[in-house]
Structure formats: structure tokens, C-alpha cells
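Coordinates in review
Take a look at the letters that make up each chain.
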Amino acid sequence: TGSGVAPQRLVLNKLRKIYASRGRESFEAVKSIDLEIAPGELIALLGPSGCGKTTTLRMIAGLETVTSGEILIGERSVGDLPPGKRNVGVGFESYALYPPLTVRENLAYGLRARKVADADARVDEIAKRLDMTELLDQRPAGLSSGQKQRVALARALIRKPPVLLLDEPLGHLDASARQRVRRELKLLQREFGYTTIVVTHDQLEALSLADRMAVMDAGVIQQFGTPDEVFDDPANRFVAEFVGEPAINMFAGEVVRADGGLAVRVGDGVLETAAVDARLGDTVMVGLRPQDTQVLGDDATGGLGGAVINFEDLLEFGQASVRVRGVEQPLLVQTPPEVDWRPGDTVRFGARPDRVHLFDSRSGERIR
Ligand code: ATP
């Protein structure tokens, strides 16, 4: 059904939203966001509940007023345009399908209004791609939430808008449908060149879909980068702890050497790091991903030593919780397949210096 639209960049300049007081204090849900999304790029917007993700999408779509700042699509400032004039496709949680119409009619509706000639062919194609042909003659009331979600996604995609905003588009699908629809969504997005923001709680979804990820907390973009950058080079403690499954180990350490890369002492162990910007004697927070740990031999001098509390053999790797002296909570260590630890074993592990992240114990900012 033809190629895509001309991809357009999407730029947010100091975008801000204060919800006016309802008898009480007003609330700043989005605090001066800057974001530049390249034409045809897909970004995932990730963050805890209430951090301002939906508010941001709604402002871009024109469904929520902007307190200040600017939204550009291509070179055009769209902040004053009504939703229908922005050329933005939305697939939001609230499905808003017209109950009296069949799914086919729901999908074709917007196209007919725009006098798209091949509306029926487009409906058939998108339905096939999203594996929902059998839904076309049904009415919304009879659909499951996962089916409704696929229809809502199809409706957003079918107009081939230059900018596409999706809020948890796959949240109601079961695991296998989710994987299939996710793959198809990515293919369609590449093919048609929609510049896309996907809000998601699902990190795997973000990793598999996104060219870049924007991690948001408390109305602020904490980091914007490729999944690898965000995972391996977190900007601050929040990002380090929010991204990654299982979660990063985070514990206090003391800087004991500060010539070249810093070394930190944790209990009676020492970790070498690539960071330089702290002083001897400083207490810092150390972030170490379970996947980045390296098992050391008994005779090793560096690294951390501890006692195994629990060990799980997950076939491709093992996962141990290890009690380390000087650390309150057990640390999670990922081990290679040949390692077989038992509870009570005394073990040692370390990590490559560039995989040991340090954070300021007050501000949470990354120490470089
Ligand atoms: P979730 O992942 O739970 O959907 P979110 O990141 O999308 O969360 P938003 O829905 O954007 O977050 O909400 C951000 C903050 O703004 C929340 O604290 C919310 O309570 C508040 N908020 C949202 N809408 C309004 C409103 N109409 N009036 C006042 N406060 C609001």
C-alpha cells in the first residue's frame, strides 16, 4: 500500500506542564524537557508511575495544554494547533473505538474522512500484519482487552502519520502475542518512517524496540541515549537502579586510592574503578551489575569476598546471592555456566574497572 510518509523530526524545547491547583497547590508534572528525536527514529520513554510520561505525550498530541515551551514537528511549531491539525497519530490506553461500528469500519473511518482511495486495502494489510484479520467483522464490545489494544494500535498506524505516540501499546497482550506484535510494530515503523515515542514499563520492550531511550523521573529526563549507553554508562544513580533486570547492586564504599582510577574499599575487599573524580577517604555509592561480575579464584587478592547464601543454576548462567562483609544486603552475582556454588561456599568476585560505577552519595550523580 505504498511507502511511508516523509519522516519528520520531533523537538521538545523546554516543555513544561504545571497542573493548576484544584483548591490545593499546583503541581509541576513536567519540568522543562528538552528532547530531539531524529526523523524516523523510535524512542522509548521509560520511568516510574507518575513521572510525567503520559502528560508529555498528551501535550505533544494536543490533548493537554502546554504551560510553557515549544513542540516542533519538522520545522513547524505545533503548540497552537488543535490535535486534528498536528499530524500526530496516537494509540493511548483509552481505546476510544466507536461501539456501533465493526473493527473494519473503525479502522477505515479516519481514512475515509481523509478521502484515502485504498482504505479497504490498507485495512486488510494492517490487519494481516498485526494478526487480527479475524477481528475485522466484530464489534468492539465483544473484544478482549488485548484485542482492543491491537485494534487501537492498527488505527494509529493505518493513517501513516509522520509522528506516532504510543502509550503502553502492548500492555494487555499475552506474552506470545506481545512478541509477535512488537516485531511487526518495529518493522512497520521502519518501513513507514514514523517518528515514534513509545511509553512503556517493560524494559525488554524498550530494549528491543528503541533506537534510543529517554529515562524520566519526577518530571525530568534523567538520561537520553541508546540502550547500551543507558545500561553501561548510567548518568546517575536513579538511571542505574531503574534500568536493568535483575537490578544493579548498589552499596557504599570508601575511596582508598586516588591516583589514576579510583579504588574503593568495601568491607575487607577492594574494587578498582575507571572513575577519577573523587577524593581519598570519600564515601561513595558503588553500582555493580550482576551481569558485570567476574568470578575470581581463591588465590586472587582484589575483588570482594563473601559467603554464598543461595545459588540458582539457570542453564546459560548461574545467579548467586552472596553475603559480602561491609554490605548490608546480599549482592547478586551472575556466574558462568561451569560454576557450581553451594550455600555456605566462600567465594570471590570482581569486575572490570570500567564496569564498576561510582555515584556521589548525596546527589546521586555519576562520578566520572
Ligand atoms: P503512569 O505510568 O502511571 O501512567 P505517568 O508517568 O504517565 O504515570 P502522568 O500521568 O503524566 O504520569 O502524571 C504525572 C503527574 O501529574 C502525576 O503525579 C499525576 O498525579 C499528575 N497529574 C496527571 N494529570 C493531572 C491532572 N489533570 N491534574 C492534576 N494532576 C495531574
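Bear in mind that the values here come from a model prediction, so they are computed numbers and not experimental data.

Moving on, we get to the site of the ligand. Taken together, Tyr 19, Phe 27, Ala 29, Gly 47, Ser 49, Gly 50, Cys 51, Gly 52, Lys 53, Thr 54 and Thr 55 make up the full set of residues near the ligand. Ranked by residue count, the leading element in the shell around the ligand is helix H1 (residues 53-61), at three residues. Within the shell around the ligand, the residues separate by chemical class into four nonpolar, six polar and one charged.

So, about the sheet that holds strand E6 (residues 88-91). Taking strand neighbours across the sheet as the criterion, the six strands line up as E6-E7-E8-E3-E9-E10 in an open arrangement whose pairing is mixed. In this open sheet, the two edge strands, each paired with only one partner strand, are E6 and strand E10 (220-225). The sheet shows a mean angle of 15 degrees between the axes of neighbouring strands, taken without regard to direction. Here five bridges tie strand E7 (residues 163-167) to strand E8 (residues 195-200), and the two strands are oriented parallel to one another. By the bridge assignment for E8, Val 163 is matched with Thr 195. Most of the contacts of helix H4 (residues 145-158) go to E6, to which it runs at about 175 degrees, and overall it touches E6 and E7.

What follows covers the domain arrangement of the protein chain. Under the domain assignment used here, the protein chain contains domain 1 (10-238) and domain 2 (249-367). Each of domain 1 and domain 2 was reduced to a C-alpha centroid, and the two centroids are 39 Å apart. Here the residues of the side of domain 1 that touches domain 2 sort into three nonpolar, one polar and one charged.

In terms of nonpolar packing, the biggest core is built from 96 residues, with Ala 154 and Ala 214 touching the most fellow members. Take this core: its biggest share by element is seven residues, from H4. Mapped onto the domain boundaries, this core takes at least three residues apiece from domain 1 (10-238) and domain 2 (249-367).

Our focus in this paragraph is the pairing of strand E13 (residues 269-272). Residues Gly 269 and Leu 271 point to one face of E13 and are all buried, whereas Val 270 and Glu 272, pointing to the other face, are not buried. Here strand E12 (residues 263-266) pairs with E13 via four bridges, running antiparallel. Among the inter-strand pairings, Val 266 is bridged to a residue of E13, identified as Gly 269. Between E12 and the antiparallel strand that follows it, E13, lie two residues; Gly 267 among them carries a positive phi value of about 60 degrees.

Conventions we followed
- Residues numbered from 1 in each chain as written.
- Predicted model: local features only at pLDDT ≥ 70, side-chain atom pairs only at ≥ 80, totals over all residues.
- Near = placed C-beta within 6 Å.
- Helix = DSSP H or I, 4+ residues; strand = E, 2+ residues; numbered from the N terminus.
- Nonpolar A, V, L, I, M, F, W, Y, C, P; charged D, E, K, R; others polar.
- Pairing = 2+ DSSP bridges.
- Axes fitted to C-alpha atoms, helices over the stretch in contact; angles between N-to-C directions.
- Contact = placed C-beta atoms within 7 Å.
- Domains from an automatic or database assignment.
- Core = buried A, V, L, I, M, F, W, Y, C linked by C-beta atoms within 7 Å.
- Buried ≥ 20, exposed ≤ 12 C-beta atoms within 10 Å, placed from the backbone.

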